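# Geometric and topological summary
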Amino acid sequence: MTQKRIYSALSFNKAFYIGLAVAILIHIATLLNPYFKKQEISTQRPDSPVMHAEKVYIAPPPPPEALPVVKKIVRAKIIPKVVEKPVEEQPPEPEPIPEPVAETAPVAVAEPVVEAPPAPPVVKEPPKPSADSVKMVTRTYLRSLKKQLEQIKDYPATAKRLKQEGTVRVRFTILADGKIEQIEVSESSRYSSLDNSALEAVAKMEKFQPIPKLLEKERWRIEIPIQYKLNAGRS
């Protein structure tokens, strides 16, 4: 059994190496195939109409000779090298020494004089009236007012027939321009006919003389007695 195995192994190795050699030859043949061109050469005999063709392997023509390489010599331009000379630095000029300036004393500047505005003129107040002159003007104004009311009043006929007499005190306000308003009876005469007559007399007057400036009054509340007497005349 061992001998058969040895022989079988040897036969296998021999077949392997033979196959490997054949493969190498085939590979070399394929590589050398382009160098041999097949060319058919026909030969014909003059007395025979049959043409015989044979295949002959012709070696490939030699490669063309390489053209000589012409070297072109290019002359380089020589550029002169310019060397700049270093510039010598000049020493800085010395700064001028400033001349001493003489100090001068400060000049006194006079401040502008602002003149004070002129004082406003003094308005002299008018002298105040004396108390006596005020009393005299007041009495004169009231006397003329009462006199006018006595002239305006009307003695009712019924009161005369019934012999009714009395004094009616009437109160009212007189403005600076003399206008009269807020009329009322401050003290009755006990007879309504006489009271109404006195109120009508003041209402008819409506406006009296303006209040004198000497009295310095804008409104003046006044009370005036109006008398009603028979056979006594008008006082």
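Refer to the structure above for everything that follows.
Definitions and cut-offs
- Residues numbered from 1 in each chain as written.
- Predicted model: local features only at pLDDT ≥ 70, side-chain atom pairs only at ≥ 80, totals over all residues.
- Heavy atoms only, no water.
- Salt bridge = Lys/Arg side-chain N within 4 Å of Asp/Glu carboxyl O.
- Helix = DSSP H or I, 4+ residues; strand = E, 2+ residues; numbered from the N terminus.
- Axes fitted to C-alpha atoms, helices over the stretch in contact; angles between N-to-C directions.
- Parallel < 35°, antiparallel > 145°, perpendicular 65-115°, else oblique.
- Left-handed = near helix turned anticlockwise from the far one by under 90°.
- Contact = heavy atoms within 4.5 Å.
- Nonpolar A, V, L, I, M, F, W, Y, C, P; charged D, E, K, R; others polar.
- Pairing = 2+ DSSP bridges.
- Expected span 1.5 Å × (residues − 1).
- Buried < 20%, exposed > 50% of the residue type's maximum accessible area, 1.4 Å probe, protein only.
- Arc of directions from axis to C-beta.
- Phe/Tyr/Trp six-rings, centres within 6.5 Å; stacked < 30°, edge-to-face > 60°.
- Lys NZ or Arg CZ within 6 Å of the ring centre and 35° of its normal.

With that settled, consider the pattern of salt bridges. Where charged atoms of side chains with opposite charge meet at close range, the side chains can pair. Inspection of the entire model under this criterion finds seven salt bridges. A salt bridge links Arg-169 to Glu-187; its shortest N-O distance comes to 3.9 Å. You can see Arg-169 sitting in strand β3 (residues 166–175) and its partner Glu-187 sitting in strand β4 (residues 180–187), a full 18 residues away along the chain. Each of Arg-169, Arg-171, Glu-184, Glu-187, Arg-221 and Glu-223 takes part in a single network of salt bridges with overlapping partners.

On to unusual backbone geometry. A negative phi angle characterises most non-glycine residues, just as the trans form characterises most peptide bonds. Notably, Arg-190 is not glycine yet its phi reads approximately 75 degrees, a positive angle. Tracing the chain through its elements places Arg-190 in the loop between β4 and α4 (192–205). Of note in this structure, Glu-216 is not a glycine but carries a positive phi near 55 degrees. Within the secondary structure layout, Glu-216 lies in the loop between α4 and β5 (219–228).

Looking now at the packing of helix α2 (residues 131–152) against α4. Running from N to C, α2 and α4 point in directions that differ by 110 degrees, and their axes come no closer than 9 Å. Taken as axis vectors, α2 and α4 run roughly perpendicular relative to one another. Handedness of the α2/α4 crossing: right-handed. Every residue of α4 that contacts α2 at Leu-145, Gln-148, Leu-149 and Ile-152 is listed here: Ala-201, Val-202, Lys-204 and Met-205. Partitioning the contact of α2 with α4 into residue classes produces six nonpolar, one polar and one charged.

Read across the open sheet, the three strands follow the order β4-β3-β5; overall the sheet is antiparallel. Each having just a single partner strand, β4 and β5 make up the two edges of the open sheet. The average undirected angle you get between the axes of adjacent strands in this sheet is 25 degrees.

With 14 residues, α4 extends 20 Å from end C-alpha to end C-alpha; this agrees with the ideal 20 Å at 1.5 Å per step. Taken residue by residue, α4 has Leu-194, Asp-195, Ser-197, Ala-198, Ala-201, Val-202 and Met-205 as its buried positions. Along the axis of α4, the buried positions cluster into a sector of 160 degrees, meaning they face one direction only. Structural note: α4 exposes Ser-192 and Lys-204 on the side pointing more than 90 degrees away from its buried face. Turning to α4, the residues buried within the fold contact α2, α3 (157–161), β3, β4 and β5.

In total, this model carries four aromatic pairs according to the counting rule given. The interplanar angle of 70 degrees and the centroid separation of 5.6 Å between the aromatic rings of Phe-16 and Tyr-17 together place this pair among those described as edge-to-face. Its relative accessible area of 56% is what places Tyr-17 among the exposed residues. An aromatic cluster is defined as three or more aromatic residues linked by ring pairs; in this entry it consists of Tyr-141, Phe-208 and Trp-220. Cation over ring: Lys-153 sits above Tyr-228, and NZ or CZ is 4.6 Å from the ring centre.

For the rest of this paragraph, the subject is the pairing of β3. The buried count for β3 comes to seven of 10 residues, which makes it a mostly enclosed element. Sheet analysis places β3 next to β4, joined by five bridges and oriented antiparallel. Counted as the bridge partner of Val-170 is Val-185 from β4. Counting the residues that bridge the hairpin from β3 to β4 gives four residues, and of these Gly-178 lies at a positive phi of roughly 100 degrees.

Once that is clear, we can look at the environment of Lys-160. As for its position among the elements, Lys-160 is in helix α3. Taking C-alpha positions, Lys-160 is 9.0 Å from Lys-229, a pair spaced 69 residues apart along the chain. Non-local contacts of Lys-160, meaning those with residues more than four positions away in its chain, are made with Tyr-155 and Leu-230.

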